[in-house]
Amino acid sequence: MTKEKILIVIKTYPVMSESYTEVACTAGVREDGSWVRLFPIPFRLLERDKRYAKYQWVEAEVEYSKDIRPESRRVPDVYGDGIVLLDKVDTGKNRDWAQRRQLLLDKNKIYTNKKEIITKAHANELSLVIFKPSKITDFVIKKANTELSADKLQAIQDRLKRENILDEHDLVDFEHVRKLPYKFSYSFLDDEGIKSTLMIEDWEIGALYWNCLKRHGEEIVLKKVREQYMDNFVGTKDLYLFLGTTRQWHIRKAPNPYVIIGTFYPPYEK
């Protein structure tokens, strides 16, 4: 086991799991810019003073896991002192984009070619990248299935009771995560004009959808999400995509094992 200082930059939307109740993929960079994936993290089951924010440094005690992806680590004592929260790279409303750029863009290779990142994933050389599309062509919205398996729900409830997770961590008000009723994707071109359409699985887009639904209602919620991801991020920001392979499709060497697990949208440098 080793101690790692990690800047958290990615949290994916939570998914239900019979093995871990509920998990979110977390990823970040070390001080030298190299990537670390922390999985599985039952984020919403952590005590509130253990829940890290995006762009927050943490100190994590990690070890290699059964996950073959090269950046993947697990936190054995995730409910205890396995993760210690440190400083945030944030200055309130005036976010410190210059420091974030330095930590992420100056210390990492920025990929621009689809074939290159897929080849490296198939060789198990990487599974997390920062990708700069030559052009984002569309923001795609499709209806999603929100039905939950009764057997899966029961298995999760049984695990919560069996392991006494809720009482032990003072989470009696815990509710299962709501599945998003839509799938959101970007269509984009690489530096050779090759097109990709990848689903966005960032926690941020899920939170945006539910917040907009609450504030604006069903009629215009999708318009508001599109405005943020196309009009704002694509239209006015220097947008980069955090891409990560899913464990299943990484192992199977799928034609494209990547999904969008986060976005980085600093203002253009003057």
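Keep in mind it's a predicted model, so treat the numbers as computed, not measured.

Within the largest apolar cluster, 70 residues are counted, with the highest numbers of intra-cluster contacts made by Y186 and F242. Top contributing element to this core by residue count: helix α5 (residues 203-216), with six residues.

A separate point is the sheet that holds strand β12 (residues 195-199). If you trace the three strands from one edge of the open sheet to the other, you get β10-β11-β12, paired in antiparallel fashion. One side of each edge strand has no neighbouring strand; the edge strands of this open sheet are β10 (135-143) and β12. Ignoring which end each strand starts from, the neighbouring axes of this sheet average 20 degrees apart. Here strand β11 (residues 182-189) runs beside β12; their pairing, made up of five bridges, is antiparallel.

What follows concerns the sheet that holds strand β9 (residues 128-131). Strand order in the open sheet formed by four strands is β8-β9-β13-β14, with mixed pairing between adjacent strands. Either end of the sheet is taken by a strand with one partner, and the two such strands are β8 (110-111) and β14 (258-264). Across two bridges, the pairing between β8 and β9 is parallel. Its bridge partner being in β9, I110 is matched across the sheet by I130.

Most of strand β1 (residues 2-11) sits out of view: seven of its ten residues are buried. Of the strand pairs in this sheet, β1 and strand β5 (residues 56-64) are connected by seven bridges, and their pairing is antiparallel. By the bridge assignment for β5, T2 is matched with V62.

On to the side chain of N108, then. Inspection of the secondary structure puts N108 in the loop between α1 (97-104) and β8. Reaching out from N108, the side chain makes a polar contact with the side chain of W35 at a distance of 3.4 Å. A polar contact is formed between the side chain of N108 and the backbone oxygen of L104, at a distance of 3.2 Å. Once residues within four sequence positions are removed from consideration, N108 is found in contact with V29, G33, W35, L103 and I130.

Rules behind the numbers
Residues numbered from 1 in each chain as written. Predicted model: local features only at pLDDT ≥ 70, side-chain atom pairs only at ≥ 80, totals over all residues. Heavy atoms only, no water. Core = buried A, V, L, I, M, F, W, Y, C linked by side-chain atoms within 4.5 Å. Buried < 20%, exposed > 50% of the residue type's maximum accessible area, 1.4 Å probe, protein only. Helix = DSSP H or I, 4+ residues; strand = E, 2+ residues; numbered from the N terminus. Pairing = 2+ DSSP bridges. Axes fitted to C-alpha atoms, helices over the stretch in contact; angles between N-to-C directions. Polar contact = N/O pair within 3.5 Å; in protein donor to acceptor, adjacent residues only side chain to side chain. Contact = heavy atoms within 4.5 Å.

In short, the description is geometric, and any link to function would need to be established separately.
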